[in-house]
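Coordinates in review
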Amino acid sequence: MKLITFEGIEGVGKSTQINLVLDWLKTKGFSTKLLREPGSTNFGEQIRELLLSKESNISAHTELLLMFAARSEMIKDHLMDSKEDFILCDRYYHASIAYQGFGRKLSLDLINFLINGINCPTPDLTIIYDLDVKTGFERKANDVIDRIESSGINFFEDVRKGYQQLAKDRSEVEILDASEPIDLISQQTKTLVERLF
């Protein structure tokens, strides 16, 4: 099983690229599974609703711990003993480092402690789609904004810096320019994934 995770701030086109990769891998005969964070289990989807609801007035630490509760269930149900050739995950623990660490200013030591504590498998590849924050929000102008998305421009500038730092610090992480045309980004994504064949 190869685990590929897809990251980036709001509006970078993650969902588009994940689905293009998913379809492409299927045409090549690979077995695949698509996951999302938070979510992907019954419990995880309930947590997702709580986390994204504007009615949830929760602390940054509560947000972080709920993310890891959902993640722990996803790992148990989908990543342990997986039989698929490829698992594609829309966000993973790199998002906690970027959003709760750099964005919410929580301790990176705490986040890394949780990553290790619940035995998060390290992805074979993490692709970060990088985009100017204002451009990302312009792309999502017609969408309903959830609790996390309503955290403001400065928050997302910090999240973006976190993602850029991850690309420098971690060997599994690659970064792509999300301002390029979709077809070009898709080709660049496939070139990265082909390394795992």
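Residues numbered from 1 in each chain as written. Predicted model: local features only at pLDDT ≥ 70, side-chain atom pairs only at ≥ 80, totals over all residues. Heavy atoms only, no water.

To continue, consider the environment of Glu149. Along the chain, Glu149 falls in the loop between helix H6 (133-139) and helix H7 (153-169). Judged by relative accessible area, Glu149 falls into the buried class, the value being 9%. Distance in space between the C-alpha atoms of Glu149 and Phe137 is 9.1 Å, their sequence separation being 12 residues. Excluding its chain neighbours within four sequence positions, the residues that come into contact with Glu149 are Glu10, Phe137, Lys140, Val144 and Phe156. (Helix = DSSP H or I, 4+ residues; strand = E, 2+ residues; numbered from the N terminus. Buried < 20%, exposed > 50% of the residue type's maximum accessible area, 1.4 Å probe, protein only. Contact = heavy atoms within 4.5 Å.)

Another point: the layout of surface pockets. By volume, the largest pocket amounts to about 510 Å³. The wall of the largest pocket is formed by 24 residues, among which Glu10, Lys14, Arg48, Arg91 and Glu149 lie closest to the centre. Broken down by secondary-structure element, the contributors of at least two residues to the lining of the largest pocket are helix H1 (14-27), helix H2 (42-52), helix H3 (60-79) and helix H4 (93-103). With four residues, the single largest contributor to the lining of the largest pocket is H4. Across the lining of the largest pocket, the residue classes break down as eight nonpolar, five polar and 11 charged. (1 Å grid on protein atoms, 1.4 Å probe; cavity = no way out; pocket = protein on both sides within 12 Å on 5 of 7 lines; lining within 4 Å. Points joined across faces, edges and corners; volume = space filled by probe spheres on them. Nonpolar A, V, L, I, M, F, W, Y, C, P; charged D, E, K, R; others polar.)

For Asp146, the position within the fold is in the loop between H6 and H7. One buried charged residue, Asp146, forms no salt bridge at all, with the nearest opposite charge on Arg48 at 6.2 Å. At 3.0 Å, the side chain of Asp146 forms a polar contact with the backbone nitrogen of Ile148. In contact with Asp146, not counting residues within four places along its chain, are Leu52 and Lys54. (Lys, Arg positive; Asp, Glu negative; His and termini not counted. Salt bridge = Lys/Arg side-chain N within 4 Å of Asp/Glu carboxyl O. Polar contact = N/O pair within 3.5 Å; in protein donor to acceptor, adjacent residues only side chain to side chain.)

To continue, consider the sheet that holds strand S5 (residues 173-177). Strand order in the open sheet formed by five strands is S2-S3-S1-S4-S5, and the pairing between neighbours is parallel. The open sheet has two edge strands, strand S2 (32-36) and S5, and neither has a second partner. Strand-to-strand twist in this sheet, taken as the mean axis angle between neighbours without regard to direction, amounts to 20°. (Pairing = 2+ DSSP bridges. Axes fitted to C-alpha atoms, helices over the stretch in contact; angles between N-to-C directions.)

Bringing the nonpolar core into the picture now. Ile4, Tyr99 and Tyr163 are the most contacted members of the largest nonpolar core, which totals 55 residues. At seven residues, the largest contribution of residues to this core is made by H3. Not counting residues within four places of it along the chain, the set of residues in contact with Tyr163 comprises Glu7, Gly8, Ile9, Arg91, His94, Ala95, Ala98, Tyr99 and Ile128. (Core = buried A, V, L, I, M, F, W, Y, C linked by side-chain atoms within 4.5 Å.)

Listed in full, the buried residues belonging to helix H5 (residues 108-117) are Ile111, Leu114 and Ile115. Relative to the axis of H5, the buried residues are bounded by an arc of 100° and lie together on one face. For H5, the exposed residues set more than 90 degrees away from the buried face come down to Asp109, Phe113, Asn116 and Gly117. On its buried face, H5 is in contact with H3 and H4. Between the side-chain oxygen at the start of H5 and the backbone nitrogen of Asp109 there is a gap of 3.2 Å, and the oxygen is on Ser107. Positive phi appears at Asn119, one or two residues downstream of H5, with a value of about 55°. (Arc of directions from axis to C-beta.)

Attention shifts here to unusual backbone geometry. Of note, the amide linkage connecting Glu37 to Pro38 takes the cis form, showing an omega dihedral of -15°. Tracing the backbone through its elements, the reader meets Pro38 in the loop between S2 and H2. In the Ramachandran plot, Asp81 falls in the positive-phi region, its phi being about 60° despite a non-glycine side chain. Tracing the backbone through its elements, the reader meets Asp81 in the loop between H3 and strand S3 (86-90). Even without a glycine there, the phi angle at Lys105 is positive, about 70°. Here Lys105 shows up in the loop between H4 and H5.

Before going further, it helps to spend a moment on the packing of aromatic side chains. Tallying each qualifying case throughout the model produces 11 aromatic pairs. Each ring, one from Phe6 and one from Tyr129, has its centre 6.5 Å from the other, and the planes form 10°; the classification is stacked. Taken together, the positions of Phe6 in strand S1 (residues 2-7) and Tyr129 in strand S4 (residues 125-130) put the pair 123 residues apart, joining distant regions of the chain. Assigned by exposure class, Phe6 and Tyr129 land together as buried. Measuring from ring centre to ring centre gives 5.5 Å for Trp24 and Phe197, while their planes differ by 25°; the resulting arrangement is stacked. Residue Trp24 is found in helix H1, and its partner Phe197 is found in the segment after helix H8 (182-194); the two are separated by 173 residues along the sequence. The exposure class of Trp24 is buried, given its relative accessible area of 13%. Taking the relative accessible area as the measure of exposure, Phe197 reaches 44% and is therefore partly exposed. Every member of this aromatic cluster is reached through a ring pair, and the members are Tyr99, Phe137, Phe155, Phe156 and Tyr163. (Phe/Tyr/Trp six-rings, centres within 6.5 Å; stacked < 30°, edge-to-face > 60°.)

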